[in-house]
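Inside the fold
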Number of protein chains: 2
Amino acid sequence: MSDILEQSQARQRLRSLGEALDSGALKQVSRILNGGLSPSDIAHLLESSPPRQRALLWNLVDKSLEGEVLQYLSDDIRGYFLSQLNAQELAEVIEDFESDDLADLLQQLPDTVIQEVLDTMDEQDRQRVEEVLAYPEDTAGGLMNTDTITVRPDISIDVVLRYLRRHRSLPPMTDSLIVVSRRDQFVGTLPITKMLVSNPATTVREVMDTDVEPIPVSLSDTQVATLFERYDLISAPVVDDDGNLLGRITIDDVVDVIREDADHSLMSMAGLDEDEDTFAPVLKTSRRRAVWLGINLVTAFIASAVIGLFEDTIEKVVALAVLMPIVASMGGIAGSQTLTLVIRGMAVGQITQDNVGWLLNREFFTSVLNGLLWAVVVAAAAVIWFKDPLIGGVIGAALIINLLAAALVGTVLPLFLKSRNIDPALAGGVILTTVTDVVGFMAFLGLATVFYA
Amino acid sequence: MSDILEQSQARQRLRSLGEALDSGALKQVSRILNGGLSPSDIAHLLESSPPRQRALLWNLVDKSLEGEVLQYLSDDIRGYFLSQLNAQELAEVIEDFESDDLADLLQQLPDTVIQEVLDTMDEQDRQRVEEVLAYPEDTAGGLMNTDTITVRPDISIDVVLRYLRRHRSLPPMTDSLIVVSRRDQFVGTLPITKMLVSNPATTVREVMDTDVEPIPVSLSDTQVATLFERYDLISAPVVDDDGNLLGRITIDDVVDVIREDADHSLMSMAGLDEDEDTFAPVLKTSRRRAVWLGINLVTAFIASAVIGLFEDTIEKVVALAVLMPIVASMGGIAGSQTLTLVIRGMAVGQITQDNVGWLLNREFFTSVLNGLLWAVVVAAAAVIWFKDPLIGGVIGAALIINLLAAALVGTVLPLFLKSRNIDPALAGGVILTTVTDVVGFMAFLGLATVFYA
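Scoring rules and cut-offs
Residues numbered from 1 in each chain as written. Chains lettered and ligands numbered in written order. Predicted model: local features only at pLDDT ≥ 70, side-chain atom pairs only at ≥ 80, totals over all residues. Heavy atoms only, no water. Least-squares fit on C-alpha atoms with pLDDT ≥ 70 in both. Contact = heavy atoms within 4.5 Å. Patch = residues over 30% accessible without salt bridge, like charges linked within 9 Å, V, L, I, M, F, W, Y side chains within 5 Å. Areas by Shrake-Rupley, 256 points an atom, 1.4 Å probe, with all protein chains shown as cover. Salt bridge = Lys/Arg side-chain N within 4 Å of Asp/Glu carboxyl O. Helix = DSSP H or I, 4+ residues; strand = E, 2+ residues; numbered from the N terminus. Domains from an automatic or database assignment. Buried area = accessible area lost by both parts, 1.4 Å probe. Buried < 20%, exposed > 50% of the residue type's maximum accessible area, 1.4 Å probe, protein only. Pairing = 2+ DSSP bridges. Right-handed = clockwise from strand over helix to strand, strands pointing away. Phe/Tyr/Trp six-rings, centres within 6.5 Å; stacked < 30°, edge-to-face > 60°. UniProt positions renumbered as here; feature names shortened; annotations may be inferred. Polar contact = N/O pair within 3.5 Å; in protein donor to acceptor, adjacent residues only side chain to side chain. Nonpolar A, V, L, I, M, F, W, Y, C, P; charged D, E, K, R; others polar. pLDDT = per-residue confidence, 0-100.

**Brief notes about the relation of the copies chain B and chain A**
For the pair chain B and chain A, the superposition axis carries a translation of 0.0 Å, the fit reaches an RMSD of 0.0 Å, and the rotation angle comes to 180 degrees. What we have between these two chains is a two-fold relation. In terms of C-alpha distance to the rotation axis, chain B has Leu 266 of chain B as its closest residue, with the C-alpha 2.4 Å off the axis. When the interface residues of chain B are mapped onto chain A, 100% of them again lie at the interface, so the same face is used by both copies.

Right, dumping it as structure tokens:
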């Protein structure tokens, strides 16, 4: 039954949209775009489109939808569309943004543009924006909304219910009201589901949860995500250092943080940005990739320089040139397994100074075992291939040495980098490969030089 | 103010726990464990502990908490603890599991054990378990709970409120009630927040949302996650092919899917399981890693075999041996950038058959630009190093050829693998490296053989 399958419906709409675009039936495109699709669908469509098609589609999006669509776009693409609006248009687009999305967006703009936008706003909006810009984007303050519904502890549930009924609607993701004192100090939360099963005559104080710890405004967004994941939260109150309520964070924004954090490790290890536009144009892509290739070229030249030290040995025993990539590549593979495991373990908070010793130990013995196993295999293969027992011994020993180096660097390097505030996912792989290349070539060709001298 | 910082509180408790463990004060450990920590904290602690400490802690966890703690553990570790329980203990532990968690857990056990556990259960529990086991773990059916609260469309909000008040509590994450027909057909949802601002005299039909599409029970968990992310859902109804309500999915379980899917790409690219136990013991770790090293060893030998074809050329011009890793490694780096981008783009549903042509084109021209740039740099360096203009030309040309091969394979390979139901994140990197090694060595040494002959 396809009518219950939202996914396939949306896909069908996307397909007919694609066909309409191809045939140039822009009116039809516009009708599908602004009639049938949600703002998040439109954002996804824009993100999945090459530049020319993307620009065409964006022009067809209804002015009234632009703001909402922008909220769902990734930073990279949103930044591009924003850069094409003037201050007046910007002010209009962001009028009905929630405060956390507004903060994200404004932090992407140059300071002069922010000032221009602020100038076009009325006093109330300006105040709201300035408040939100006070907190860094990657903290609880940057994630929070100010749309809280608060109640006092001494009123009855019945009064709360009547108070709520005076609203035309409640803010999205309202799973609990926040209980505050007369001075706006956080006291507890009142889950709506709990309120619904309570006797209307009881007071808020009797029903509310007080074991909920509010989130400090300066907590990092990653830690906020950990709290939400660990305690299955839908929304959580945010307080300042004195316990005053500032706003609340909702799960939809936390899900974005989780997705971005998880993507970050994957993309950084390939030298990409987690916010990378899949369909960025050639020039932009080339520029970014060139930097990464350049960095890796330096490490490749370092490896070559090491090989260069042993030119004479290679000239005597060409088999060394044939076999040497095996030692380097096995070290790189083993090292990146350890590195990835440690980076993930650090990201989810499992690995700390306290247990890294055990881990290093485990990786060491794992390398010994795997080193011995594969050294025998590679040595045997080398001996059979080149009919030379000596080369088997040399490559086996070099392999074990390189796997041990890989285990050491793979475990210690990410922790060291993090303590220096360098992103291990970005720099770890490059440094690791340099080490395993250098150690691999040095061990293999060095030993060969000794034994073939 | 540290008392509002749950994080630091928990960390403090963990630290004193660690100290108590070190000093062997087991009574104290037990008190901290069962008194101060939530089940999810205990699970995190277990996951962050090396095997011996982990076994010690698990023995100290209160019997009554074991079930809940197990729910928060990753499959790998949970499987280990479960394997140490007998059928009777298992049946006790899982008594108060939610149905989706129960399904996850049972699917980890051997069939004979499942049968034993079922035999110890009463009729009602057995029926619930068998129902849940009917759906694969990675579908909407495997994610759903059956704890729905349903209402009829023709009753008034007031009646609903009175009906709710008869409950002692509502299921966790209840943000809306589900409206069903007399025959249990899904009709719509009734958000609690909407109900609270409505006139109690209106009917459910007047207030309910009907634009919510229920989730088909066979939808994959990844697609369920996409729906939740795109439409900011907290819970969603699940229906069978005929539109009958089966249960509901809640955001807490979806967050786990998002985390696992994102981790999957990262871990698979290093040949690791996304559920990998960071603190697995040496033997288990070594066995798993050995397989991955063995697979990569095959590709390394293939590369060596290619070099072996050109032994005579290398013997004549040893500089080739020194420079050849540069060509292979630059190809590998460029290729893994493309591969990672495409794998991520496929995972979030941005890349399809429709736009892969554009992407291939973009990657081709990006490689041309970067190939030309770095070919000039590398050629110049090679000429200066070895005072031989010919080697500069050869390495420059080989570099461009290898970057083009990397772009082609990096773009097309993951789509091809996926169409064959092979996981691109797992197999992609190995195949890509084989190609860039083979093409790199072949192009460089082959051209050299032609020009130095």
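Moving on, there is more to tell.
**Focus on a nonpolar patch on the surface**
Together, Leu 390, Val 450 and Phe 451 of chain A give the surface a local cluster of nonpolar side chains, amounting to about 280 Å² of exposed area. Among the secondary structure elements, Phe 451 of chain A is positioned in helix α22 (residues 424-452).

**A look at the domain arrangement of chain A**
Residue and element names in this part refer to chain A. Entries for chain A in the domain assignment read domain 1 (2-143), domain 2 (150-250) and domain 3 (282-452). Placing the centre of domain 1 and that of domain 2 at their C-alpha centroids yields a distance of 30 Å. On the side of domain 2, twelve residues touch domain 1, which itself brings seven residues to the contact. Overall, the association of domain 1 and domain 2 removes approximately 650 Å² of surface from exposure, summing both partners, and the carbon and sulfur fraction of that is 65%.

**Digging into the pairing of strand β2 (residues 176-180) of chain A**
Residues and elements named next belong to chain A. Burial runs high along β2: five of the five residues are buried. Side chains Ser 176, Ile 178 and Val 180 project from β2 onto one buried face, and the interleaved Leu 177 and Val 179 project onto a second face that is buried too. Bridge count for strand β1 (residues 150-151) against β2 is two bridges, and the pairing is parallel. Bridge assignment links Val 151 to a residue of β2, and that residue is Val 179. Assessed by its sense of winding, the connection that carries the chain from β1 through helix α12 (residues 157-165) to β2 is right-handed. For β2 and strand β3 (residues 186-191), the ladder comprises five bridges, and the chain directions are antiparallel. Bridge pairing in β3 links Val 180 to Phe 186.

**Considerations on the sheet that holds β1 of chain A**
Read from one edge to the other, the open sheet built from three strands follows the order β1-β2-β3 (chain A), with strand pairing classed as mixed. With partners counted over all chains shown, the strands left at the sheet margins are β1 and β3 of chain A, one partner each.

**Brief notes about the pairing of β3 of chain A**
Where burial is concerned, most of β3 of chain A is hidden: five out of the six residues are buried. Joining the antiparallel neighbours β2 of chain A and β3 of chain A is a turn of five residues, in which Asp 184 of chain A adopts a positive phi near 70 degrees.

**Description of the packing of aromatic side chains**
This structure, assessed with the given rule, holds twelve aromatic pairs over all chains. Note on Phe 301 of chain A and Trp 385 of chain B: the rings are 6.5 Å apart at their centroids and 45 degrees apart in plane angle, and the pair reads as tilted. Placement of Phe 301 of chain A in helix α17 (residues 282-308) and of Trp 385 of chain B in helix α20 (residues 356-386) is noted, with the two residues assigned to different chains. For Phe 301 of chain A, a relative accessible area of 18% translates into the label buried. Taken together, a centroid distance of 5.3 Å and an interplanar angle of 85 degrees make the contact between Phe 364 of chain A and Phe 365 of chain A edge-to-face.

**A closer look at the sheet that holds strand β4 (residues 215-216) of chain A**
Residues and elements named next belong to chain A. Overall, mixed pairing links the three strands, which are arranged β4-β5-β6 in an open sheet. This sheet does not close on itself; its edge strands, each paired only once, are β4 and β6 (245-250). Relative to β6, strand β5 (residues 235-239) is paired through five bridges, and the arrangement is antiparallel. Considered in β6, the bridge of Val 239 is made with Leu 245.

**A word on the UniProt feature "domain: CBS" (unreviewed entry) in chain A**
The sites that UniProt annotates as "domain: CBS" (unreviewed entry) are residues 208-266 of chain A. Summarising residues 208-266 of chain A: 46% helix, 22% strand, and an end-to-end C-alpha distance of 42 Å.

**What to know about the interface of chain B and chain A**
Between chain B and chain A, the contact holds 126 residues from the first and 126 residues from the second. Between chain B and chain A, a total of about 11900 Å² is buried, with carbon and sulfur atoms accounting for 65% of that surface. Summed over the shared surface of chain B and chain A, the number is eight salt bridges. One salt bridge in this structure joins Glu 363 of chain B and Arg 289 of chain A, with 2.8 Å as the shortest N-O distance. At the junction of chain B and chain A, the tally comes to 42 residue pairs in polar contact (both at pLDDT 80 or more). Considered class by class, the residues forming the side of chain B that touches chain A number 70 nonpolar, 32 polar and 24 charged.

**Examining unusual backbone geometry**
Unusually for a residue other than glycine, Asp 184 of chain A sits at a positive phi of about 70 degrees. Secondary-structure assignment places Asp 184 of chain A in the loop between β2 and β3. With a phi angle near 65 degrees, Asn 421 of chain B is a residue other than glycine that sits in the positive phi range. Mapped onto the elements, Asn 421 of chain B comes out in the loop between α21 (389-419) and α22 (424-452).

**Here's the deal with the confidence of the model for chain A**
Atom-level detail of predicted coordinates should not be read off regions where pLDDT is low. The share of residues in chain A with pLDDT of 70 or more is 96%, and the mean pLDDT across the chain is 88. Across residues 1-8 of chain A the pLDDT falls below 50, and counting only partners more than four positions away or on other chains, this stretch makes 19 contacts in the model.

**Considering the side chain of Glu 276 of chain B**
Checked against the element boundaries, Glu 276 of chain B lands in the loop between α16 (251-269) and α17 (282-308). Its relative accessible area of 9% is what places Glu 276 of chain B among the buried residues. Each residue touching Glu 276 of chain B, except ones within four places of it in the same chain, is listed here: Leu 341 and Arg 344 of chain A together with Asp 76, Met 267 and Arg 288 of chain B.

**A few points about the side chain of Gln 337 of chain B**
Here Gln 337 of chain B is to be found in helix α19 (residues 319-347). By relative accessible area, Gln 337 of chain B is classed as buried at 1%. Excluding its chain neighbours within four sequence positions, the residues that come into contact with Gln 337 of chain B are Ala 270, Gly 271, Leu 272, Arg 289 and Trp 292 of chain A.

**Topic: the UniProt feature "transmembrane region" (unreviewed entry) in chain A**
Under the local residue numbering, the UniProt record ascribes the feature "transmembrane region" (unreviewed entry) to residues 290-310, 322-343, 364-385, 391-417 and 429-452 of chain A. Taken end to end, residues 322-343 of chain A has its terminal C-alpha atoms 33 Å apart, with 100% of it in helix and 0% in strand.

**Quick word on the pattern of salt bridges**
Residue and element names in this part refer to chain B. Using the criterion set out here, one finds 30 salt bridges over all chains in the structure. We note a salt bridge from Asp 75 to Arg 78, for which the minimum N-O separation is 2.9 Å. Highlighted residues: Asp 75 and Arg 78, both in helix α6 (residues 75-83), separated by three residues, approximately one helical turn. Its relative accessible area of 3% is what places Arg 78 among the buried residues.

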